[in-house]
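Residues per chain are reported as follows:
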Amino acid sequence: ICTTREAMRAKLGRTLSRPLEVRLYTRAHYLEAYQHRFGFATVGFYDGAIHVVSAKRPRNELYALVVHEYVHALFKEATGSHQPFFLNEGIADRAEEAARGRKQLSREEWRRLVDALRGDEWLPLESLVQGFSGLAGARALLAYLESRAAVELIETRQPEAIPAFLEACAAGVGWRSALSSATGWDTRELELALQAEVRSRFADDPLASPADPRL
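1. Let's talk about the overall build of the chain
Moving on, step 1. Looking only at helices and strands, the chain features 9 helices and 3 strands.
Moving on, step 2. Along the chain direction, N to C, the helices and strands of the chain fall in the order α-β-α-β-β-α-α-α-α-α-α-α.
Moving on, step 3. Computed over C-alpha atoms, the radius of gyration of the chain comes to 18 Å, within 12% of the 17 Å expected from 2.2 N^0.38 for 215 residues, which places it in the range of a compact globule.
Moving on, step 4. Here the C-alpha coordinates of the chain stretch approximately 65 × 40 × 30 Å along the principal axes.
Moving on, step 5. Counting only carbon and sulfur atoms, one obtains 50% of the accessible surface of the chain, whose full area is about 11500 Å².
Moving on, step 6. With 28 positive and 29 negative side-chain charges, the chain shows a spacing of 4 Å between the two charge centroids.

2. Remarks on the pattern of salt bridges
Moving on, step 1. Applying the stated rule across the entire model yields 15 salt bridges.
Moving on, step 2. The salt bridge involving Glu-6 is made with Arg-9; its shortest N-O contact spans 3.3 Å. Taken together, the residues Glu-6 and Arg-9, both in helix α1 (residues 2-12) and 3 residues apart, mark about one turn of the helix.
Moving on, step 3. Judged by its relative accessible area of 42%, Arg-9 falls in the partly exposed class.

3. Looking at the packing of helix α7 (residues 161-170) against helix α8 (residues 175-183)
Moving on, step 1. Two numbers describe how α7 lies on α8: the axes approach to 8 Å, and their chain directions differ by 145°. Considering only the axes of α7 and α8, their crossing is right-handed. Taken together, the residues of α8 that come into contact with α7 (itself represented by Ala-161, Ala-164, Phe-165, Ala-168 and Cys-169) are Trp-175, Ala-178, Leu-179, Ala-182 and Thr-183.
Moving on, step 2. Looking at the contact of α7 with α8 residue by residue, the classes come out as 9 nonpolar, 1 polar and no charged.

4. Side note on the packing of aromatic side chains
In this description, an aromatic ring pair is defined by two values, namely the gap between the centres and the angle between the planes.
Moving on, step 1. Enumeration according to the criterion identifies 5 aromatic pairs in this entry.
Moving on, step 2. Here Tyr-25 and Tyr-30 contribute two aromatic rings whose centre-to-centre distance is 5.9 Å and whose plane-to-plane angle is 75°, an arrangement assigned as edge-to-face.
Moving on, step 3. Since its relative accessible area comes to 15%, Tyr-25 is described here as buried.
Moving on, step 4. The exposure class assigned to Tyr-30 is buried, which follows from its relative accessible area of 1%.
Moving on, step 5. Ring centres of Phe-85 and Phe-132 lie 4.9 Å apart, and the angle between their planes is 75°; this geometry places the pair in the edge-to-face category. Here Phe-132 lies in the loop between α5 (107-118) and α6 (137-157) and Phe-85 lies in helix α4 (residues 85-99), a separation of 47 residues in the sequence. For the pair Phe-85 and Phe-132, a shared accessibility class is recorded, and that class is buried.
Moving on, step 6. Cluster of aromatic residues (ring-pair linked, three or more members): Tyr-25, Tyr-30 and Phe-45.
Moving on, step 7. The cationic tip of Arg-201 hangs over the ring face of Trp-110; the distance from NZ or CZ to the ring centre is 4.0 Å.

5. Considering the side chain of Asp-93
Moving on, step 1. With respect to the helices, strands and loops of the structure, Asp-93 is situated in helix α4.
Moving on, step 2. Once residues lying within four places of it in the same chain are set aside, the contact partners of Asp-93 are His-68, Tyr-144 and Arg-148.

6. Here's the deal with unusual backbone geometry
Moving on, step 1. Cis geometry is adopted by the peptide bond preceding Pro-84, which originates at Gln-83 and carries an omega value of 5°.
Moving on, step 2. Inspection of the secondary structure puts Pro-84 in the loop between α3 (59-79) and α4.
Moving on, step 3. With phi around 55°, Asp-120 is a residue other than glycine that occupies positive phi space.
Moving on, step 4. For Asp-120, the position within the fold is in the loop between α5 and α6.
Moving on, step 5. By relative accessible area, Asp-120 is classed as exposed at 72%.

Cut-offs used in this document
Residues numbered from 1 in each chain as written. Predicted model: local features only at pLDDT ≥ 70, side-chain atom pairs only at ≥ 80, totals over all residues. Heavy atoms only, no water. Helix = DSSP H or I, 4+ residues; strand = E, 2+ residues; numbered from the N terminus. Rg over C-alpha atoms; globule rule 2.2 N^0.38 Å. Areas by Shrake-Rupley, 256 points an atom, 1.4 Å probe, with all protein chains shown as cover. Lys, Arg positive; Asp, Glu negative; His and termini not counted. Charge placed at Lys NZ, Arg CZ, Asp CG, Glu CD. Salt bridge = Lys/Arg side-chain N within 4 Å of Asp/Glu carboxyl O. Buried < 20%, exposed > 50% of the residue type's maximum accessible area, 1.4 Å probe, protein only. Axes fitted to C-alpha atoms, helices over the stretch in contact; angles between N-to-C directions. Left-handed = near helix turned anticlockwise from the far one by under 90°. Contact = heavy atoms within 4.5 Å. Nonpolar A, V, L, I, M, F, W, Y, C, P; charged D, E, K, R; others polar. Phe/Tyr/Trp six-rings, centres within 6.5 Å; stacked < 30°, edge-to-face > 60°. Lys NZ or Arg CZ within 6 Å of the ring centre and 35° of its normal.

Below, the structure written as structure tokens:
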């Protein structure tokens, strides 16, 4: 946990103000205790303590899971809430993937996002503010992917924006105002910027119906 603390101090500009309990489980014990807590499969969560499945996991993978949940703890302490959930999960997922050595979304992941846009399956970010609990399967995976892509876009365009957002929230600023002041975007503007970024990475769909020249 000390390594995690220092890594997140460097990345997010803050650490927790209190000690944090970490509870490790075998897969069987975790499922027995928590399989009905969420609407989709998990391997860890934060509820004031970090809970993660640890049995038979390589050291680096366990570290990545702890990083993910530690970010949730930082987010909760700064904002006083788990919301907006898409930022909470996006920041945590980005940190976890970086701990695994994957600092950017792959082309395949960007392809999944453009397919969601073209197939009218895109989930509005505003619908992901309160949580992902009503989602399952592919829609839950898409919610996580959109969230991580939104945070990657913010960090790419404005590297200090996420620490500034958390600092503003910790100072008592509401998350919507903090997001706007840190990034220059509200939720809808962030979504539009993300959609534009997704589209810019791929040529127009050659199978799409041509536009009517009379329009």
